[in-house]
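# Structural description and commentary
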Amino acid sequence: MNGNRKPRENPATLQTLCQRMMCATFSPAADEQEARGFLQRFANYPAIDGIFVDQPWVPLAQEILTPLGIRVGIEAAYPVGNWSTEAKVAAIKQGVRLGADEIDIGGDFSAIKSRDFEAVQEDARRMVDAADGKIWIMVIPETAILTRDELLKTLEAYIAGGVQGIKTSSGYGWNTHEEDVRLIRREFGEGLQIDVSGGVRTLAHALSYFEAGADNIHASPIFSILDEARERLT
Amino acid sequence: MSERRATIPEAVASRIDYTALRKDMSYRELEMVCLEAVTYNLRTIIVPSGQVRRACAFVSGSRPAIGTVISHPFGTQAPAVKAVEAATAVAAGAQELDVIPHFGTILAERWEDYAFELRTLGEAAGDATLKLVLEATRFSQDILAKACSIAAELGFSYVVNTVGFRLVSTDPSAQGQASPETLSKLAAGSNGLKLKAAGGIITLAGIRGLLSLGVNRVCVDAALGVLRTLAEEGAK
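Think of each chain on its own: its residues are numbered from 1, step by step along the sequence as written. Both sets of labels track the order of writing: A upward for chains, 1 upward for ligands. Selection of residues for local features in this predicted model requires a pLDDT of at least 70, selection of side-chain atom pairs for listing and counting requires 80 or more, and totals for whole chains, interfaces and linings are taken over all residues.

On to the pairing of strand β7 (residues 194-197) of chain B. Residues and elements named next belong to chain B. As judged from the 3 bridges shared by strand β6 (residues 158-160) and β7, these two strands associate in the parallel manner. Bridge pairing links Tyr 158 to Lys 194 in β7. Two strands pair under a simple rule: DSSP has to find at least two bridges between them. Numbering of helices and strands runs from the N terminus, with a helix taken as a DSSP run of H or I at least four residues long and a strand as a DSSP run of E at least two residues long. Sheet topology note: the β7/strand β8 (residues 215-221) ladder contains 3 bridges and is parallel. Directly across from Ala 197, in β8, lies its bridge partner Val 218.

All names here are of chain B. Strand order in the closed barrel formed by 8 strands is β1-β2-β3-β4-β5-β6-β7-β8, and the pairing between neighbours is parallel. Across the sheet, the mean angle separating the axes of adjacent strands is 25° when strand polarity is ignored. As paired strands, strand β4 (residues 96-99) and strand β5 (residues 129-133) are joined by 4 bridges and run parallel to one another. Among the inter-strand pairings, Leu 97 is bridged to a residue of β5, identified as Leu 130. Taken strand by strand, helix α2 (residues 27-39) contacts β1 (16-19) and β2 (44-47), and its axis lies near 160° from that of β2. Note on geometry: axes are C-alpha line fits, over the in-contact stretch for helices, and angles between N-to-C directions span 0 to 180 degrees. Note on contacts: each residue gets a C-beta atom placed from the backbone, and two residues are in contact if those atoms are within 7 Å.

Attention now goes to the packing of helix α6 (residues 111-125) of chain B against helix α7 (residues 141-153) of chain B. All names here are of chain B. Contact geometry of α6 with α7 gives a least axis separation of 10 Å together with a crossing angle of 40°. It follows that α6 is oblique to α7 by the angle criterion. In terms of crossing hand, the pair formed by α6 and α7 is right-handed. Only Lys 146, Ala 147, Ile 150 and Ala 151 of α7 make contact with α6, whose side of the interface consists of Trp 111, Tyr 114, Ala 115 and Leu 118. Each residue gets one of three labels, nonpolar for Ala, Val, Leu, Ile, Met, Phe, Trp, Tyr, Cys and Pro, charged for Asp, Glu, Lys and Arg, and polar for the others, Gly among them. Class assignment of the residues belonging to the contact of α6 with α7 gives a composition of 7 nonpolar, no polar and 1 charged. Angle categories: roughly parallel below 35 degrees, roughly antiparallel above 145, roughly perpendicular from 65 to 115, and oblique for all the rest. Note on convention: the crossing is left-handed when the near helix lies turned anticlockwise from the far helix by less than a right angle, right-handed when the turn is clockwise.

Time to look at unusual backbone geometry. Note: most peptide bonds trans; most residues except glycine with negative phi. Note the cis peptide between Tyr 78 of chain A and Pro 79 of chain A, where omega equals 0°. Mapped onto the elements of the fold, Pro 79 of chain A is located in the loop between β3 (71-76) and α4 (85-98). At the junction of His 72 of chain B and Pro 73 of chain B, the peptide bond is cis and its omega measures out at -5° in the coordinates. By secondary structure assignment, the location of Pro 73 of chain B is in the loop between β3 (65-70) and α4 (79-92). In this model, Glu 142 of chain A sits at a positive phi of 60°, which is unusual for a non-glycine residue. Following the sequence through the fold, Glu 142 of chain A ends up in the loop between β5 (136-140) and α7 (148-160). Its identity is not glycine, yet Ser 71 of chain B carries a phi of approximately 65°, on the positive side. Here Ser 71 of chain B lies in the loop between β3 and α4. On the basis of neighbour counts, which here come to 29 C-beta atoms within 10 Å, the residue Ser 71 of chain B falls in the buried class. Partly exposed residues are those whose C-beta has more than 12 but fewer than 20 other C-beta atoms within 10 Å; 20 or more makes a residue buried and 12 or fewer makes it exposed, with C-beta atoms placed from the backbone.

Moving on, we get to α6 of chain B. Residues and elements named next belong to chain B. Any helix carries an expected span of 1.5 Å times its number of residues minus one. Spanning 15 residues, α6 covers 21 Å between terminal C-alpha atoms, matching the ideal 21 Å at 1.5 Å per step. Taken residue by residue, α6 has Tyr 114, Glu 117, Leu 118, Leu 121, Ala 124 and Ala 125 as its buried positions. Take α6 and look down its axis: the buried residues cluster within an arc of 125°, on one side only. Buried residues in α6 make contact with β3, α4, β4, α5 (103-107), β5 and α7. Positive backbone phi, at 60°, marks Gly 126, one or two positions downstream of α6. To obtain the arc, one takes the directions from the helix axis to the C-beta atoms.

Between chain A and chain B, the residue contacts involve 34 residues of the former and 37 residues of the latter. Among the elements of the structure, α2 (32-40), β3, α4 and α5 (109-113) of chain A are those that each provide at least two residues to the side of chain A that touches chain B. Top contributing element to the side of chain A that touches chain B by residue count: α4 of chain A, with 5 residues. Taken together, the residues of the side of chain A that touches chain B sort by class into 16 nonpolar, 10 polar and 8 charged.

Along the chain, Pro 48 of chain B turns up in the loop between β2 and α3 (52-57). Residues Pro 48 of chain B and Ala 20 of chain B lie 28 residues apart in sequence; the distance between their C-alpha atoms is 7.6 Å. The residues contacting Pro 48 of chain B, other than those within four sequence positions of it, are Asn 82 and Trp 83 of chain A together with Leu 21, Thr 68 and Val 69 of chain B.

Glancing now at the packing of α2 of chain A against helix α3 (residues 58-65) of chain A. All names here are of chain A. At a minimum axis distance of 10 Å, the contact between α2 and α3 shows a crossing angle of 30°. The angle between the axes of α2 and α3 places the two elements in the roughly parallel class. The crossing of α2 and α3 is right-handed. Two secondary-structure elements touch here, α2 through Glu 32, Ala 35, Arg 36, Leu 39 and Gln 40 and α3 through Leu 60, Ala 61, Ile 64 and Leu 65. When its residues are assigned to classes, the contact of α2 with α3 shows 6 nonpolar, 1 polar and 2 charged.

What follows concerns the nonpolar core. For our purposes the nonpolar core covers buried Ala, Val, Leu, Ile, Met, Phe, Trp, Tyr and Cys residues that link as a set through C-beta atoms within 7 Å. Ile 51 and Ile 137 of chain A together with Ile 45 of chain B are the most contacted members of the largest nonpolar core, which has 152 residues in total. With 6 residues, α4 of chain B is the largest single contributor of residues to this core.

So this is what it looks like as structure tokens:
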């Protein structure tokens, strides 16, 4: 299992942009018909990398998205985090059972803010062990609420625990600073997958995060960004 | 002359679920939250599932009890995952579980799937008190009543009007509020479940108003730091 990484040069075409864009179906209070309608709209665009859905909707999402070549992901401990490691491990195992491609999962923010990086590493290690290479894990450190030192130590702990990729933010008001993306890429090199989420509202935003070092970008206004790309890119 | 600390009236303190779910809460801040709840003799402290064991170490006796939230805030996990979170929390000392069901299942009126989810949770929860967390303003009266009726049959004790998170938008004003209208709507469909009010509860007068409507528990957000104000308001 890998993160379906693509070359990191700035996308010059709609297709290469789509290959590195992701989004989620939430609103969680949407009904099934709304979810189905949302997913079916992606047939009008080149395949994006992945879409995240509620666990009970994974079969529905696979039915619609797999023929389109779009990966299906789930989340856990999201967007608030601080779930027990046992609950996160259960979510990862459920993701494997469902055949989901990726799980984006919130970190142990209380441990980070308590500078208990041993706990951060142990939480990461148990999640990576639970995945057993059968589902791709992206851990969310929520970069915007961390000091630079907390961020670097957290990522060191994740990597020591076996994590190979991070998603910077859950969104929900905690936007990702471009400078943090540059810092992470500079400090941790190309070995770490960096997906950016939080604050990406336009094509210009997306391109600037790619320029800063992002592998993929999650954006809730996905259709307006793709429509803008259709006009401006080849 | 010793200065006496103002207390929160027992009729109110015994109804407060003091809720500490802030994302960046450190262990030290959790300890302070627990100390506050002990000082004011509140009913329950609600913490994330990853902090139940630590919170239990900061309290003793039956009050405040420690509770947690299951699949907070979106309820998007599969029943089996929620069951693990519940059973682990109970084993760590949680006595109350505020459970977020899968709203999409409720809105689709897949009542067998919904009942399976609640039954699975009930089996995992042992003797813990179960509270069903809904978004009352998002559901029709019929769906609300049906969801509560099934939960009551399956051993749930309370229904809560809102998750208290920005459920459908990144706009903070989209958070659920404990308005009298919403609680009255919930009361009309509660089908025997006791009522817990959540969202924007910051004054003693507000809590008393909710209790007079038949509300049994109220969520007071620890992040708002209002306990001293509640006590001072009670001393007047």
